[in-house]
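Observations on chain architecture
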Amino acid sequence: MNIRMKYRRLLALLLLILAMLAQACKKEGPKPEEPGPEEPGKEQAVFPGKELRGVWMTTVWGLDWPMGTYSIAGQQQQYKAYLDKFVSLNINAVFVQVRGMGDSFYPSSYEPWSAAITGVRGADPGYDVLDFMIREAHARGIQFHAWLNPYRIATRTGVAAPYPPLHPSIPSDWVIDHEKIQIYNPAIPEVRHRLVTIVRELISRYDVDGVHFDDYFYPDPAAAGTMVSDQTDYEKYGAGHSRIEDFRRDNVNKAIESVFQEILQTKPEVAFSVSPTPNNTYNYGTLFADVVKWDREGWVDILIPQLYQEIGNPYNDFQQNLNWWSANLNKAALMIGYGYYKFGDPSMPAAFQSVTELQKQFDLVRKKQEAQGHVLFSARFIMENKIQVTAKLAELFKNPAVMPPSRRTISSPPTPPSGLQLQGNTLKWTGSTAHRYVVYHFPDFSEAGKVVAILESTQMDIGSPGHYCVTALSRDNQESTPTDFIEKK
């Protein structure tokens, strides 16, 4: 083959290769640009944690309410002043004692009107106290938990003082008269049934968000004085228990389980909570309250241990008790009870003479993933504001908080809002089937955002620049996914 022929063939081959490369470039198209930084969105946002923020309102002896005020107008004004103060502090739940002494704050088929309302046990106050309290709380976006003492009927200083007459519906053999406390007998099956019917009547007739028991079960002998023996009860009802202590615990277990099952069957959206003492050895061995079992079996939705002592207390250290309850939690949600009443009381330890103690306690609790909220004892001390402790509380609750959903919910998350837009300084959106809406604000996405408002309206005025989004809330605090963000310059 001559040189000219070889050259022609090489040239043809080169042209073919160039044509193939050109065709490949046409198929691939232009090279894409490097991606730029992502626009701010839901994936980058860190939403603030959910918190229950509650207050106990004690009514026995009128301690927090109505404090000796017996006129309808005076009682209602006092209660609304409490709620308005709670709203200003972003408190979102109230635990009101509606059955503290075998009595009631509503017309009951089983128990007399409370003496705290009129000054006279059994006297009709002239209005539906419980309905009023619930409506006023709900109108302000505050949950209402009905606080009941399961067994206590009355107290006295000693045997020389008579106990008040029993309600006609209560057989005298259901009742034990210890030296300083009169109680329903926890060993009697009919007593447990009566407790269940009282709860059924309450939740069937009233729109409560929760039923709450305090830490009074079997009485502490140190407070009850000389006690009536329950040996006869043990011999009659205690088959299957080799120890009387196990028999007592089983009696309380049956009561707790029965109340839980009644709530579940009658109105399952109602949460069931118990506030045990901080020391579980004392709960188990003195009050015969097997709180760990209730939690393990799922008979309570919320536990609120009363961690009323200071950090470093030699007998009931706040931090050690917090660690114990956090480590031993099973199915229930954990909220922490604080001894708010101790702050500024000169008879209390030095730690309670400074609001720094409250800050430290909150810091410890908020570091615990298991802890979902705070409950303060009690209402009137928030109003008193000794040593400016309520001013400190205002800092700790600076922004509103979304309530965590109960462990036992009955609804699915609501449909998210749509059509979020900004018209001037007014944020607007199209509503869904929600109970309320949550407006979030993110100045930037370098840290967690904050809740601006929780409201029923589908619009609100905003001032601060940054990014905003909205979610929907159901009645039992199920929260929708957020809308896309909108920016205010």
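Here, every reference points to the structure presented above.
This report concerns the structure included in the present document.

1. Quick notes on the environment of Ile72
Locating Ile72 in the fold gives a position in helix 2 (residues 72–88). Under the relative-accessibility criterion, Ile72 is labelled partly exposed at 35%. Those residues in contact with Ile72, other than ones at most four positions away along the chain, are Pro125, Gly126 and Tyr127.

2. Let's talk about helix 4 (residues 129–139)
Within helix 4, the full set of buried residues consists of Val129, Leu130, Phe132, Met133, Ile134, Glu136 and Ala137. Summarising the contacts, the buried residues of helix 4 are in contact with strand 1 (52–57), helix 2, strand 2 (93–99), helix 3 (115–118), strand 3 (143–148) and helix 5 (189–205). Looking at the residues trailing helix 4, positive phi occurs at Gly141, about 75°.

3. Brief notes about the pairing of strand 15 (residues 436–442)
With respect to burial, strand 15 is a largely interior element, 7 of its 7 residues being buried. When strand 15 meets strand 18 (residues 466–473), the two strands line up antiparallel, connected through 7 bridges. The partner of Val439 across the bridge, within strand 18, is Val470. In this sheet, strand 16 (residues 450–455) lies alongside strand 15 in antiparallel orientation, the contact comprising 5 bridges. Bridging across to strand 16, Val438 finds its partner in Ile454.

4. What about the sheet that holds strand 4 (residues 152–155)?
With antiparallel pairing, the 3 strands of this open sheet are ordered in space as 4-6-5. This sheet does not close on itself; its edge strands, each paired only once, are strand 4 and strand 5 (175–177). Sheet twist, expressed as the average angle between the axes of neighbouring strands with direction ignored, equals 15°. Pairing analysis gives 3 bridges linking strand 4 to strand 6 (residues 181–184), with the strands arranged antiparallel. Bridge pairing in strand 6 places Ala154 opposite Gln182.

Thresholds applied
- Residues numbered from 1 in each chain as written.
- Predicted model: local features only at pLDDT ≥ 70, side-chain atom pairs only at ≥ 80, totals over all residues.
- Heavy atoms only, no water.
- Helix = DSSP H or I, 4+ residues; strand = E, 2+ residues; numbered from the N terminus.
- Buried < 20%, exposed > 50% of the residue type's maximum accessible area, 1.4 Å probe, protein only.
- Contact = heavy atoms within 4.5 Å.
- Pairing = 2+ DSSP bridges.
- Axes fitted to C-alpha atoms, helices over the stretch in contact; angles between N-to-C directions.

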